[in-house]
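# Structural characterization, general
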Amino acid sequence: MTNSGSGIPATRGGRPFGADAVNDGRTIAAIATAPGRSAIAMVRVSGPGVRDLARVLLHPVTLAARRATRCVLHDAGATGATVDEVVATLYVAPHSFTGEDVLELSTHGGLLIPSAVLAATLRAGARVAEPGEFTRRAVLNGKLDLLQAEAVGDLIDARSSVAHRTALRQLDGGLSSRIEALRQGILGLEALLAYDIDFPEEDDGPIPRARIADAAAALIASLEALLATAEAGTLVHDGALVVLAGAPNVGKSSLFNALLGEARAIVTDVPGTTRDAIEAVLDLPEWPLRLVDTAGLRDTTDVIERLGIEASGRYLGQAAVVLACGDDGPSIARVGDVVRAHTDASVIRVRTKWDLVADRDKNDADVGVSAHTGEGLRALLTLVEERLTERHGVPMTDAPGLTRARHHAAVTAAVLELQAFTVAWRDDALPASVAAIHVRAAADALADLIGIVQVDDVLDAVFRRFCVGK
Ligand SMILES: Nc1nc2c(ncn2[C@@H]2O[C@H](COP(=O)(O)OP(=O)(O)OP(=O)(O)O)[C@@H](O)[C@H]2O)c(=O)[nH]1
Ligand SMILES: [Mg+2]
């Protein structure tokens with residue numbers, strides 16, 4: 001069956017992108033390794049001019065595909081001087097990361113040599129790659145879809161083992177295939193509708209109305225199940241924000257350092273020591289945490305301290321869990337009240353300086369900790385993980401889930417469109433061909449997510465944050 005005559009525009013999909021949508025067809029080059037002193041570095045070149053460039057720069061040039069070959073690299077510029085001895089590996093299109101001819105030049109490390117090798121490739125005709133441009137070309141050439149490309153960025157940026165595992169799964173294509181299956185489901189619904197539109201005169205239509213409504217309901221349920229993974233997924237991706245709050249001098253920075261196992265924040269017996277919020281990643285087995293030490297909360301006329309306290313307030317507003325710290329019962333209660341005014345995050349009452357507490361039976365906190373002896377630290381972290389799991393569900397690293405606001409927005413848009421369709425269909429409020437526009441919009445929202453369509457602003461948004469050379 002085709003959609004002709006149904007009033008539904010032809011499918012936008014097919015294989016991702018016409019190649020060269022944004023690609024200017026030039027050969028690009030970049031240093032792919034981080035700057036600084038190192039044993040080796042890598043300069044990556046991709047594009048149609050790679051083999052010509054190799055001929056100009058390398059000696060010998062008999063490069064076999066996928067074989068690391070030791071060569072001398074000359075600058076083709078005025079002097080023709082030797083720049084470095086390199087190991088060159090040629091990947092022939094389409095069997096490369098970008099889908100184009102790719103040359104990887106492993107050079108000696110340091111600040112000078114990689115830059116000189118890059119300069120030589122530019123003089124031989126390449127241009128400097130934009131951030132993320134190698135991966136962008138991989139997407140344009142159908143080597144990766146957009147979700148997998150994001151996963152490449154996530155792998156590079158991963159600061160915790162959970163985020164690392166999640167990114168690997170996404171790179172594996174698990175999320176892409178789940179989204180694609182849902183999109184195919186929506187296209188199936190669209191096909192049922194097209195049939196109904198083409199043969200409206202048949203009494204109940206050839207397809208019972210209820211069957212179409214059921215199909216829409218089933219799709220909405222599946223999309224909502226996927227949406228339910230977003231909260232935990234985003235927390236895993238970004239790290240769950242855990243804020244240490246309390247009056248000055250109660251031991252927040254000491255606790256922060258003890259949890260991290262290193263002296264990151266300055267500790268003194270002077271109240272008001274911490275002026276600015278300090279953030280660090282704590283990689284727990286289930287949940288990666290973004291742990292934040294803040295300025296002690298109190299009324300003050302000191303301008304800088306005031307700014308620090310305001311920053312504490314902002315962090316509190318975004319927190320997933322707040323550790324309300326105090327070194328006696330009343331100070332814990334006070335900070336608990338202040339914190340609750342700023343946030344609806346889960347609050348854990350923490351009694352600090354537990355080593356000094358004589359009356360340990362008094363029940364004025366959820367947990368007692370000592371930064372000096374280490375007592376209670378493990379119990380506190382267990383409690384943090386329990387609270388996160390209670391609120392946000394178990395982070396799923398084995399099943400595909402949503403990890404970014406972009407994913408959440410696209411799947412939400414698809415649900416809203418299908419809901420709008422369902423209402424119109426149930427009430428017979430709109431002609432089928434008009435109601436069907438909602439179904440098409442739902443399918444398109446998922447197509448944008450995987451990158452089946454050629455939308456430059458979607459690509460720009462995804463690749464803007466990549467590093468050069470990736
Ligand atoms: N005995 C004992 N002393 C502690 C403990 N934790 C912190 N202290 C002491 O309490 C004082 C204040 O510690 P900080 O960690 O700087 O306190 P803070 O809450 O970060 O203070 P501000 O940054 O000023 O708000 C220091 O003298 C610490 O040595 C603890 O577990 N046991
Ligand atoms: Mg402090």
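Report on the accompanying structure.

Conventions and cut-offs
Residues numbered from 1 in each chain as written. Chains lettered and ligands numbered in written order. Predicted model: local features only at pLDDT ≥ 70, side-chain atom pairs only at ≥ 80, totals over all residues. Helix = DSSP H or I, 4+ residues; strand = E, 2+ residues; numbered from the N terminus. Contact = placed C-beta atoms within 7 Å. Near = placed C-beta within 6 Å. Nonpolar A, V, L, I, M, F, W, Y, C, P; charged D, E, K, R; others polar. Pairing = 2+ DSSP bridges. Axes fitted to C-alpha atoms, helices over the stretch in contact; angles between N-to-C directions. Expected span 1.5 Å × (residues − 1). Buried ≥ 20, exposed ≤ 12 C-beta atoms within 10 Å, placed from the backbone. Right-handed = clockwise from strand over helix to strand, strands pointing away.

In terms of helices and strands, the protein carries 15 helices and 13 strands. A fraction of 66% describes how many contacts in the protein between residues 6 or more apart in sequence connect residues 24 or more apart.

Here we take up the site of ligand 1. Around ligand 1, 23 residues are found, and the nearest of them are Gly 251, Ser 253, Ser 254, Thr 274 and Gly 296. The element best represented in the shell around ligand 1 is helix H9 (residues 252–260), accounting for three residues. Looking at the shell around ligand 1 residue by residue, the class counts come to six nonpolar, 13 polar and four charged.

On to the sheet that holds strand S7 (residues 127–128), then. In space, the seven strands of this open sheet follow the order S3-S4-S5-S6-S2-S1-S7, with mixed pairing throughout. Of all the strands in the sheet, just strand S3 (58–59) and S7 have a single pairing partner and so form its edges. Note that strand S2 (residues 40–46) and strand S6 (residues 102–108) share seven bridges and pair antiparallel. Within S6, the residue paired with Val 45 across the bridge is Leu 103. Here helix H1 (residues 50–57) sits on the sheet and contacts S2, S3, strand S4 (69–74), strand S5 (82–91) and S6; the angle it forms with S6, its principal contact strand, is near 35°.

Turning our attention to helix H4 (residues 146–157). Its 12 residues place the ends of H4 17 Å apart at the C-alpha level, agreeing with the 16 Å of an ideal helix rising 1.5 Å per residue. Burial in H4 covers these residues: Leu 146, Leu 147, Gln 148, Ala 149, Glu 150, Ala 151 and Val 152.

This part covers the sheet that holds strand S13 (residues 367–368). Spatially, S9-S10-S8-S11-S12-S13 is the arrangement adopted by the six strands of the open sheet, whose pairing is mixed. Every other strand in the sheet has two partners, leaving strand S9 (278–283) and S13 as the edge strands with one partner each. Judged from the five bridges that link them, strand S8 (residues 240–246) and strand S11 (residues 321–326) form a sheet pairing that is parallel. Counterpart to Val 242 in the pairing with S11 is Val 321.

Another aspect to go through is the pairing of strand S12 (residues 346–351). Counting buried positions over the six residues of S12 gives five, a clear majority of the element. Here S11 runs beside S12; their pairing, made up of six bridges, is parallel. Looking across to S12, one finds that Leu 323 is bridged to Ile 348. Assessed by its sense of winding, the connection that carries the chain from S11 through helix H11 (residues 329–342) to S12 is right-handed.

Another aspect to go through is unusual backbone geometry. Here His 59 and Pro 60 are connected by a cis peptide whose omega angle stands at -5°. Examined against the element boundaries, Pro 60 turns out to sit in the loop between S3 and S4. Between Ala 93 and the following residue, Pro 94, the backbone shows a cis peptide bond with an omega angle of 5°. With a phi close to 75°, Asn 249 is a non-glycine residue in the positive phi region. Structurally, Asn 249 can be placed in the loop between S8 and H9. Given 20 C-beta atoms within 10 Å, Asn 249 falls into the buried group.

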